[in-house]
Amino acid sequence: MHLGKTLKPTSIYKFAISSVQLIKCYSTSSPTIFAVSSGQGKCGVAVIRISGPQSSSVLSEVAGLKKLPEPRKALLRRLRHPELNEILDQALVLWFPGPHSFTGEDSCELQVHGGTAVVSAVLGALATLPGLRPALPGEFTKRAFYSNKLDLTGVEGLADLIHAETEMQRKQALHQMEGALSQRYDQWRDRLKRCIAHVEAYIDFSEDQNIEEDILEETNKELKSLLQDMQRHLQDGRRGERTRDGVRTVIVGAPNVGKSSLLNALCDRPAAIVSSQPGTTRDVISTTLDVAGFPMVLSDTAGLRGNTSDLIEKEGILRAHQTVSVADLMLLVIDATHYQTWTRANSTAQTFGDFLQEYIKELGLEEPVSQCGNIKRIFGAPGEKTDLGNVCLVIFNKLDLIEDRTFINNVCEQYLDCVTAISCKKSEHLEPLLERLKFCLEILCGNPTRENASLSQARHRYHLTASVAALSRYLEMSGNEREIDLAAYQLKQALNALGHITGHVSTEQILDVIFRDFCIGK
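All of the points below concern the structure found in this document. Quantities reported herein were computed from a predicted structural model and do not represent experimental measurements. (Residues numbered from 1 in each chain as written. Predicted model: local features only at pLDDT ≥ 70, side-chain atom pairs only at ≥ 80, totals over all residues. Heavy atoms only, no water.)

A separate point is the overall build of the protein chain. Of regular secondary structure, the protein chain possesses 22 helices and twelve strands. Going through the 522 residues of the protein chain one by one, you find that 50% of them count as buried. Sequence-distant contacts in the protein chain: of pairs separated by 6 or more residues, those separated by 24 or more amount to 68%. Surface exposure of the protein chain reaches about 25,200 Å², of which carbon and sulfur atoms provide 50%. (Helix = DSSP H or I, 4+ residues; strand = E, 2+ residues; numbered from the N terminus. Buried < 20%, exposed > 50% of the residue type's maximum accessible area, 1.4 Å probe, protein only. Contact = heavy atoms within 4.5 Å. Areas by Shrake-Rupley, 256 points an atom, 1.4 Å probe, with all protein chains shown as cover.)

On the basis of which strands lie adjacent, the open sheet formed by six strands has the order β3-β4-β5-β2-β1-β6 and mixed pairing. Because the sheet does not close on itself, it has two edges, and the strands there are β3 (75-80) and β6 (132-134). Taking the axes of each pair of neighbouring strands and ignoring which way they run, one obtains an average angle of 30° across the sheet. In the sheet, β3 pairs with strand β4 (residues 87-96) via six bridges, with the strands oriented antiparallel. Residue pairing for β4: R80 is matched across the bridge by I87. Where helix α5 (residues 139-146) meets the sheet, it contacts β1 (32-36), β2 (43-51) and β6, and its direction lies at approximately 135° from that of β1. (Pairing = 2+ DSSP bridges. Axes fitted to C-alpha atoms, helices over the stretch in contact; angles between N-to-C directions.)

Let us now look at the pattern of salt bridges. Within this structure, the stated rule accounts for 27 salt bridges. Of the charged contacts in the structure, one is a salt bridge between R143 and E139, with a shortest N-O distance of 3.5 Å. Of this pair, R143 and E139 both sit in helix α5, four residues apart, which is roughly one turn of that helix. Both residues of the pair, R143 and E139, count as buried. For the salt bridge of D245 with R244, the shortest nitrogen-to-oxygen distance reads 3.0 Å. (Salt bridge = Lys/Arg side-chain N within 4 Å of Asp/Glu carboxyl O.)

This paragraph deals with the packing of helix α20 (residues 458-477) against helix α21 (residues 484-502). Where α20 meets α21, the axes come as close as 8 Å, and the angle between the chain directions of the two elements is 165°. Between α20 and α21, the crossing angle belongs to the class labelled roughly antiparallel. Like other packed secondary-structure pairs, α20 and α21 cross with a definite hand, here left-handed. Here α20 contributes R459, H460, H463, L464, A466, S467, A470, L471, R473, Y474 and M477 to the contact with α21, which in turn contributes I484, L486, A487, A488, Q490, L491, Q493, A494, A497, L498, H500 and I501. (Parallel < 35°, antiparallel > 145°, perpendicular 65-115°, else oblique. Left-handed = near helix turned anticlockwise from the far one by under 90°.)

The full count for this structure, using the stated rule, is eleven aromatic pairs. Directly above the aromatic system of F140 lies the positively charged group of R49, at a separation of 5.4 Å from the ring centroid. (Phe/Tyr/Trp six-rings, centres within 6.5 Å; stacked < 30°, edge-to-face > 60°. Lys NZ or Arg CZ within 6 Å of the ring centre and 35° of its normal.)

Let us now look at the nonpolar core. Ranked by internal contacts, the top residues of the largest apolar core, which has 61 residues, are L262, L329, L331, L332, F352 and F396. A total of seven residues in this core trace back to one element, the largest contributor, which is helix α19 (residues 430-445). Leaving out residues up to four positions away in the same chain, F396 has contacts with I334, A336, Y339, F352, I408, V411, V419, T420, A421 and I422. In this structure, V199, I215, M230 and L471 belong to the second largest nonpolar core, which totals 32 residues. (Core = buried A, V, L, I, M, F, W, Y, C linked by side-chain atoms within 4.5 Å.)

The geometry of helix α9 (residues 215-234) relative to α20 is characterised by a closest axis approach of 10 Å and an angle of 150° between their N-to-C directions. One finds that α9 runs roughly antiparallel with respect to α20. Along this stretch, α9 crosses α20, giving a crossing that reads as left-handed. Two secondary-structure elements touch here, α9 through L216, N220, L223, K224, L226, L227, M230, Q231, H233 and L234 and α20 through R461, L464, T465, S467, V468, L471, S472, Y474 and L475. Class assignment for the residues of the contact of α9 with α20 results in eleven nonpolar, six polar and two charged. (Nonpolar A, V, L, I, M, F, W, Y, C, P; charged D, E, K, R; others polar.)

Here four bridges tie β1 to β2, and the two strands are oriented antiparallel to one another. In the strand pairing of β2, V36 is matched with I48. Between β1 and the antiparallel strand that follows it, β2, lie six residues; G39 among them carries a positive phi value of about 105°. For β2 and strand β5 (residues 107-114), the ladder comprises eight bridges, and the chain directions are antiparallel. If you follow V45 over to β5, its bridge partner there is H113.

Below, the discussion takes up the sheet that holds strand β7 (residues 247-253). One open sheet holds the six strands; their spatial order is β8-β9-β7-β10-β11-β12, and the pairing between them is mixed. The open sheet has two free edges, formed respectively by β8 (285-291) and β12 (419-421), since each of these has just one partner strand. If you compare each strand with its neighbour and ignore which way they point, the axes differ by 25° on average. In this structure, β8 lies alongside strand β9 (residues 294-300), joined through seven bridges in antiparallel fashion. Opposite V291, over in β9, you have F294 as the bridge partner. Seen against the sheet, α19 touches β7, β8, β9, β10 (329-335), β11 (391-397) and β12 and runs at an angle of roughly 170° to β11.

Turning to the environment of S37, a few remarks are in order. On the secondary structure map, S37 appears in the loop between β1 and β2. Along the primary structure S37 and F140 are separated by 103 residues, whereas in three dimensions their C-alpha atoms are 9.3 Å apart.

Interpretation in functional terms is not warranted from these geometric data alone.
Pasting the structure below:
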């Protein structure tokens, strides 16, 4: 599906700084291309897209039209082979004159029956026309970028929308494709361009007294405000990236507490081998789930213990710790019978928090848990301060082996949404567990909106961080008027970094602002 094969960010980056002149040259000299844009394989209807300067003549010749149909209105026609004159199919044809098309060029679509033979015959017929060639992967979207129909964030949003598997991924990708991110970045670029224009005007014309005396001070106030806006945007806890890539969730616990059973219960299929023998899981087993519309990459790990002599199990434990170190959400599984035994053996003065401290220490998880904060904060009120850190959910398993569940219920009530009790064997209380998972995922991913679009790519974060760093350097240097020329260069670096996100930047834009905002020569 050529429309779906959007260029990877690394490929897009190569032409992200192309000038306006290059864009115009590309659009006027580009050949006419064609491809199936509705996916591969048998289907009811297959859409063949044609884009380029010869689209109108191709449509007229293949569909036997004496004049082009009304734009964007379907017309039922028989398609004929341009050389053999044999009928290929009866299809709907649509005409999209540029620039009002996906690519910004003259385009047309042939909606043919989706059988393999029909599609192959039509594609073969198009290939016989001079000046036409099959589209390269992502080439339709590439032309949309060059025609300013999409910027780079829109291109990435389109790719994410095509690959979206959950509701939240769909919402975020759609907002991004429709310009939620680019609008914010374009506003920042406009503010920054105005500031650069004011600073350069101050440098060039302040001695002639043709410019306001306080212009530099007011510009620096605006830049400080812009810097704060960008820093707040960066401090989003990677919500957008988690929504796009999936929340990395790891199941951890001692051997034979039911970690693999929990994985199978959440997947609703036997994804992992379950055995009463400890140490069955040796490697990390991962699967992708849709939990209430949120994407989750769920990983089962080897049971954590420090007294094994099995080299393979040791390697499994090492990999488990590595998985925990990069996880967003940790499901800490405890054998309910083990906690029952502990409570009977210890004084009533000791609490569940004390047990948890001992259990975490036995598993060697002090460091990753400390990243969440202290035990009381994590397991007391998860919604207060866990928004930007790792989140941990404690799960008592083997509830079916406990006759008197009072002490377990008391712990679950005391620690609210951070502790739950289930029985994987009997499929008890899985619904409350899913509700708690949803709660954690809402904290980690947020709710994608057009008004508060989040970063969705590491590429965005890299360039925004570079822009923030350049702005910070400018504000440090601008206090010394002797360095104002060097400081102004930092503003251009900040603007260039922002332009790399959307793929648009040119010095002519800055000159336009200078002449619009200042009456130089009055």
